[in-house]
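Chains, contacts and geometry: an overview
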Amino acid sequence: MTGSRRIAAFAGVAACAVALDQVSKAWAREALAGGSVPFIPGVLDFSLIMNTGAAFSIGSGSTWVFVVLAVAICLGLAIWVAREREMPVSLVCALGAVAGGGLGNLVDRVVAGRVTDFFCTTFIDFPVFNVADIFVTCGVVIAFVLAWRWDAAREAEDDAGAANTGPNAENARKEN
């Protein structure tokens, strides 16, 4: 896959993530202004929370820190995708999901100074979250697994290539 196609796939997944996130947040701000709505009884409610921090409201009021961090991570991911010629498409897409989730929350922080959260678990005490958070979390987990598998495959190729060259390979050819 060429660099421009990798970037296009990365940007396309990121754009879809941002769009889904922003549409869901617009719905939440409109539909949940009156209070909490049960979605899956005993498991998940929709409850509108405007968050100025990160998970568990860590860093409340530090919007600029989160803006800088999101921009740096998204740029870093884009540069990695552009430069890594052999990166699998699945990993490109997972990284696009991470970037898209980060950008979805970035839009909220820049436009409103806070993030719209609305998924509220009722079976455990857990931070209220949004679609962007889902993209970031799932994207990171999937990207980690894919990068690990990709790295292992590259190491196996390198080991196989090393076995077919060098002094040991010459001795093996002489024996046959």
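A brief report on the enclosed structure follows. (Residues numbered from 1 in each chain as written. Predicted model: local features only at pLDDT ≥ 70, side-chain atom pairs only at ≥ 80, totals over all residues. Heavy atoms only, no water.)

A word on the pattern of salt bridges. According to the stated counting rule, one finds 4 salt bridges in the structure shown. K25 is the salt-bridge partner of D21, the closest N and O atoms lying 2.8 Å from each other. Note that D21 and K25 are positioned in helix α1 (residues 3-31) at a spacing of 4 residues, about one turn of the helix. Here D21 and K25 have matching classes, each one buried. Here R154 ties to D151 by a salt bridge, and the two come within 3.4 Å at their closest N and O atoms. Of this pair, R154 and D151 both sit in helix α4 (residues 131-163), separated by 3 residues, roughly a single helical turn. Residue class for R154 comes out partly exposed when judged on its relative accessible area of 30%. Residue class for D151 comes out partly exposed when judged on its relative accessible area of 32%. A single salt-bridge network, built from bridges that share partners, covers D21, K25 and D108. (Salt bridge = Lys/Arg side-chain N within 4 Å of Asp/Glu carboxyl O. Helix = DSSP H or I, 4+ residues; strand = E, 2+ residues; numbered from the N terminus. Buried < 20%, exposed > 50% of the residue type's maximum accessible area, 1.4 Å probe, protein only.)

Turning our eyes to something else, we now look at the nonpolar core. Ranked by size, the top nonpolar core spans 16 residues in total, and within it F10, M87, L91 and L95 carry the most contacts. The set of elements that each furnish at least two residues to this core consists of α1, α2 (63-83), α3 (89-112) and α4. Excluding its chain neighbours within four sequence positions, the residues that come into contact with F10 are C74, L77, A78, V81, V92, L95, G96 and A99. (Core = buried A, V, L, I, M, F, W, Y, C linked by side-chain atoms within 4.5 Å. Contact = heavy atoms within 4.5 Å.)

Here M50 shows up in strand β2 (residues 44-51). Sequence separation between M50 and D117 is 67 residues, and the spatial gap between their C-alpha atoms is 6.2 Å. Those residues in contact with M50 that sit more than four places away from it in its chain are R29, R114, V115 and T116.

By secondary structure assignment, the location of T121 is in strand β3 (residues 115-121). Within the structure, T121 has its side chain in polar contact with the backbone oxygen of I124 (distance 3.1 Å). When neighbours within four sequence positions are excluded, T121 is seen to be in contact with V43, L44, F126 and F129. (Polar contact = N/O pair within 3.5 Å; in protein donor to acceptor, adjacent residues only side chain to side chain.)

For N51, the location among the structural elements is in strand β2. For N51, the side chain forms a polar contact with the side chain of D117, separated by 3.4 Å.

Another aspect to go through is α4. Between the first and last C-alpha of α4 there are 47 Å, a value that for 33 residues agrees with the 48 Å anticipated at 1.5 Å per step. Of the residues making up α4, those classed as buried are V131, A132, G139, A143, L146 and W150. Where α4 is buried, its residues touch α1, α2, α3 and β3. Capping the start of α4, N130 holds a side-chain oxygen 2.9 Å from the backbone nitrogen of A132, two or three residues further along. (Expected span 1.5 Å × (residues − 1).)

A word on a nonpolar patch on the surface. A cluster of nonpolar side chains, F39, I40, V43, F123, I124 and F126, forms an exposed patch at the surface whose accessible area comes to about 550 Å². Of note, F123 is situated in the loop between β3 and α4. (Patch = residues over 30% accessible without salt bridge, like charges linked within 9 Å, V, L, I, M, F, W, Y side chains within 5 Å. Areas by Shrake-Rupley, 256 points an atom, 1.4 Å probe, with all protein chains shown as cover.)

All right, on to the sheet that holds β2 then. With respect to topology, 3 strands assemble into an open sheet ordered β1-β2-β3, the strand pairing being antiparallel. In this open sheet, the two strands that pair with only one neighbour each are β1 (37-40) and β3. Strand-to-strand twist in this sheet, taken as the mean axis angle between neighbours without regard to direction, amounts to 40°. Of the strand pairs in this sheet, β2 and β3 are connected by 6 bridges, and their pairing is antiparallel. In the sheet register, F46 faces β3, and the bridge partner there is F119. (Pairing = 2+ DSSP bridges. Axes fitted to C-alpha atoms, helices over the stretch in contact; angles between N-to-C directions.)

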